[in-house]
Amino acid sequence: MPKKLFIETLGCQMNVRDSEHMIAELNAKEPYELTTDSTEADLIIINTCSVRERPVHKLFSELGLFNKKKKEGAKIGVAGCTASHLGKDIIKRAPYVNFVLGARNVSKIAEVVEKDKSVEIDINYDESDFAFKDFRSSPYKAFINISIGCDKSCTFCIVPKTRGDEISIPAELIVNEVKKSVANGAKEVFLLGQNVNNYGRRFSGEHDKVNFTELLRMVSKVDGLERVRFTSPHPLHMDDEFIEEFATNDKICKSMHVPLQSGSTEILKEMKRGYTQEWFLNRIEKLRAMSPEVSISTDIIVGFPGESDADFEESMKVAKAVKFEQMFSFKYSPRPHTEAAEYTNVIDSEVASERLLRLQTFQDGVVDEVMRVQVGKTHEVYFELLRSDGFISGRSDNNFLVKVEGSEELLGEIRKVRITDAARMSLTGELLA
Ligand code: SF4
């Protein structure tokens, strides 16, 4: 009987892809059957996120629950970014944990499962040209890593400490993975990296120097591929060639996540983001001009140390100028091993909450208007999810979530839909012939 594997993935798409890699490597060693019930699992893995404090707290309460309810002899492992920065302290705090595997050591999963109390968290370990076995959680869309780690040093961010330096994955490995995904039925690929448009600056070993725009062209040439998405580009590297390729390449989906973090040039300096408000607005203006139908999403932090009322007004100013189709906004959360965690000009939590509420209230109004004007428009939707309410849903080219009445024969299809109704998070439509 195959062993049962329960894997919980927290955080970003890179963690989703890392979990798929772990499942593939484990299955290559011996057969595992995935289960969503941890009490029947032989192996329980939590793939963690460290971007804010809350997920870390949640980890230990969850580990306690898993341990209490697990089956006799089952193993528990902690992977991902929290594993990278807490390492053996996880086993100290939760002695029933069998192994700890860092976000940069995914290829070692089968090894650590065999060796009790093993801790593999070396953030300099290079698996950028490791050819992982195949596993996909969706037959329709393929997440594909194009780089590991990050070379930036944003003062609020723990990622360089948990995922290590940035190394690009060789273009031929990426194109092969795209070809395999298309051969297995995927019409869409999602290219992943901390800073995708910084691709090609460093490989481990001799590889053709390819930048991100050239990589997009190479990937787009794969027969049978219809859609290319990517996340996240860094505003600093949004050069004209990149924006022009984005706008003119029909296979590239017209949605882009461009993390702003703050609208204040002073705070951007404190964050070591490397660009100014002016540069950001200039890039967005060019993007909107060249690609009018583009959906732009962003990340904004409020309450960063030293953020004055005037600084916050600059974030509001950019939000009003750009009118992002989507925004992820958070109160600053000090992260261990980051420069900003040492900053003393901390913002009062209530002040930060008020700022967050103001920003989110404004943004809700923008989103409601963005969604309202979709009614009557036609979008091409890639159907990926059969729902239990007689509807089926998917994403438009510019990333709106759209549902129509329909059943499984639409799964994996890209079809034209006229939008008939709008809610804050999703659109409803009817299929056109
Ligand atoms: S670019 Fe900055 S925010 Fe993004 S992962 Fe790297 S250090 Fe973190």
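What you are looking at is a predicted structure, and each value in this text was computed from that prediction instead of being measured.

1. Examining the packing of aromatic side chains
Moving on, step 1. Per the counting criterion, the structure on display carries 13 aromatic pairs.
Moving on, step 2. Ring geometry for phenylalanine 230 against phenylalanine 242: centres 5.8 Å apart, planes inclined by 55 degrees, an arrangement best described as tilted. With phenylalanine 230 in strand S11 (residues 227-231) and phenylalanine 242 in helix H9 (residues 240-248), this pair connects stretches of sequence that are 12 residues apart.
Moving on, step 3. Judged by its relative accessible area of 1%, phenylalanine 242 is buried.
Moving on, step 4. Joined through ring pairs, the aromatic side chains of Phe212, Phe230, Phe242 and Phe246 make up one cluster.

2. Observations concerning the pattern of salt bridges
Moving on, step 1. Scanning the model with the defined rule gives 35 salt bridges in all.
Moving on, step 2. The salt bridge partner of glutamate 188 is arginine 227, with a shortest N-O separation of 3.5 Å. Of this pair, glutamate 188 sits in strand S10 (residues 188-192) while arginine 227 sits in strand S11; the two residues are 39 residues apart in sequence, bridging distant segments of the chain.
Moving on, step 3. Take arginine 227: its relative accessible area is 3%, and that puts it in the buried class.
Moving on, step 4. Glutamate 325 is paired through a salt bridge with arginine 288; the nearest N and O atoms lie 3.1 Å apart. Here glutamate 325, found in the loop between helix H12 (309-322) and strand S14 (326-331), pairs with arginine 288, found in helix H11 (residues 277-290); they are 37 residues apart in sequence, far enough to count as distant.
Moving on, step 5. Overall, glutamate 325 belongs to the buried group, its relative accessible area being 17%.
Moving on, step 6. Given the relative accessible area of 22%, arginine 288 is considered partly exposed.
Moving on, step 7. Here the residues in one salt-bridge network are Lys141, Glu188, Arg227, Arg229 and Glu384, joined through shared partners.

3. A closer look at the domain arrangement of the chain
Moving on, step 1. Per the domain assignment, the segments of the chain are domain 1 (3-120), domain 2 (136-253), domain 3 (258-273 + 286-363) and domain 4 (378-431).
Moving on, step 2. Between domain 2 and domain 3, the C-alpha centre-to-centre distance is 25 Å.
Moving on, step 3. Buried surface at the junction of domain 2 and domain 3, both sides included, amounts to about 1700 Å², of which 71% is carbon and sulfur.
Moving on, step 4. Where domain 2 packs against domain 3, one counts 1 salt bridge.
Moving on, step 5. With a closest N to O distance of 3.4 Å, glutamate 244 and lysine 286 form a salt bridge.
Moving on, step 6. At the surface where domain 2 touches domain 3, the tally comes to 6 residue pairs in polar contact (both at pLDDT 80 or more).
Moving on, step 7. Of all the elements, H9 adds the most residues to the side of domain 2 that touches domain 3, at 5 residues.

4. Some points on the side chain of threonine 162
Moving on, step 1. Within the secondary structure, threonine 162 sits in helix H6 (residues 159-163).
Moving on, step 2. If we ignore the near neighbours within four places in the chain, the residues touching threonine 162 are Cys81, Ser84, His85, Ala103 and Ile123.

5. Here's the deal with H12
Moving on, step 1. Its 14 residues place the ends of H12 20 Å apart at the C-alpha level, agreeing with the 20 Å of an ideal helix rising 1.5 Å per residue.
Moving on, step 2. Residues of H12 that are buried include every one of Asp311, Phe312, Ser315, Met316, Val318, Ala319 and Val322, and no others. Across the axial projection of H12, the buried residues extend over an arc of 160 degrees, all falling on one side. Turned more than 90 degrees off the buried face of H12, the exposed positions are Asp309, Ala310 and Ala321.
Moving on, step 3. Next to the buried residues of H12 lie helix H10 (265-270), H11, strand S13 (295-302), S14 and helix H13 (349-372).
Moving on, step 4. Two residues or fewer past H12, lysine 323 is found with a positive phi of approximately 50 degrees.

6. Focus: the pairing of strand S18 (residues 414-422)
Moving on, step 1. Sheet analysis places strand S15 (residues 378-386) next to S18, joined by 5 bridges and oriented antiparallel. Note that in S18 the partner of valine 381 across the bridge is arginine 415.
Moving on, step 2. Both S18 and strand S19 (residues 427-431) contribute to a ladder of 5 bridges, which runs antiparallel. Opposite arginine 418, over in S19, you have glutamate 430 as the bridge partner.
Moving on, step 3. Counting the residues in the hairpin turn of S18 and S19 gives 4 residues.

7. With respect to the site of the ligand
Moving on, step 1. Lining the immediate environment of the ligand, one finds Cys150, Lys152, Cys154, Phe156, Cys157, Val159, Pro160, Gln194, Asn195, His234 and Arg273.
Moving on, step 2. The residue inventory of the shell around the ligand, partitioned by class, reads 6 nonpolar, 3 polar and 2 charged.

8. Considerations on the nonpolar core
Moving on, step 1. Of all hydrophobic cores here, the largest spans 52 residues; its most connected members are Phe212 and Phe230.
Moving on, step 2. In terms of domain composition, this core takes at least three residues from each of domain 2 (136-253) and domain 3 (258-273 + 286-363).
Moving on, step 3. In this structure, phenylalanine 230 is in contact with Phe190, Leu191, Val196, Phe212, Leu216, Phe242, Phe246, Ile252 and Met256, ignoring residues within four places of it in sequence.
Moving on, step 4. In this structure, Phe6, Val56, Leu86 and Ala94 belong to the second largest nonpolar core, which totals 20 residues.

9. Concerning the sheet that holds strand S17 (residues 401-405)
Moving on, step 1. Read around the barrel, 5 strands follow the order S15-S16-S17-S19-S18 and close on themselves; strand pairing throughout is mixed. This sheet shows a mean twist of 55 degrees between the axes of neighbouring strands, independent of strand direction.

10. A few points about the packing of helix H7 (residues 171-183) against helix H8 (residues 212-220)
Each packed pair of helices is defined by two parameters, the angle between the axes and the distance between the axes.
Moving on, step 1. Packing of H7 against H8 brings their axes to within 10 Å, and their N-to-C directions diverge by 35 degrees. In this structure, H7 meets H8 at a crossing whose hand is right-handed. On the side of H7, the interface is formed by Ala171, Ile174, Val175 and Val178, while H8 contributes Leu215, Met218 and Val219.
Moving on, step 2. The class makeup of the residues in the contact of H7 with H8 is 7 nonpolar, no polar and no charged.

11. Concerning helix H1 (residues 13-29)
Every α-helix carries 3.6 residues per turn, so stepping three or four residues along brings you back to the same face.
Moving on, step 1. End to end, H1 covers 25 Å across 17 residues, agreeing with the expected 24 Å (1.5 Å per residue, within 8%).
Moving on, step 2. Counting buried residues in H1 gives 12 out of 17 residues, a clear majority hidden from the surface.

12. What about the pairing of S14?
Moving on, step 1. As judged from the 6 bridges shared by S13 and S14, these two strands associate in the parallel manner. Paired with isoleucine 300 across the bridge in S14 is serine 329.
Moving on, step 2. In this fold, the crossover linking S13 to S14 by way of H12 has right-handed handedness.

The rules we used
- Residues numbered from 1 in each chain as written.
- Predicted model: local features only at pLDDT ≥ 70, side-chain atom pairs only at ≥ 80, totals over all residues.
- Heavy atoms only, no water.
- Phe/Tyr/Trp six-rings, centres within 6.5 Å; stacked < 30°, edge-to-face > 60°.
- Helix = DSSP H or I, 4+ residues; strand = E, 2+ residues; numbered from the N terminus.
- Buried < 20%, exposed > 50% of the residue type's maximum accessible area, 1.4 Å probe, protein only.
- Salt bridge = Lys/Arg side-chain N within 4 Å of Asp/Glu carboxyl O.
- Domains from an automatic or database assignment.
- Buried area = accessible area lost by both parts, 1.4 Å probe.
- Polar contact = N/O pair within 3.5 Å; in protein donor to acceptor, adjacent residues only side chain to side chain.
- Contact = heavy atoms within 4.5 Å.
- Expected span 1.5 Å × (residues − 1).
- Arc of directions from axis to C-beta.
- Pairing = 2+ DSSP bridges.
- Near = heavy atom within 4 Å.
- Nonpolar A, V, L, I, M, F, W, Y, C, P; charged D, E, K, R; others polar.
- Core = buried A, V, L, I, M, F, W, Y, C linked by side-chain atoms within 4.5 Å.
- Axes fitted to C-alpha atoms, helices over the stretch in contact; angles between N-to-C directions.
- Left-handed = near helix turned anticlockwise from the far one by under 90°.
- Right-handed = clockwise from strand over helix to strand, strands pointing away.

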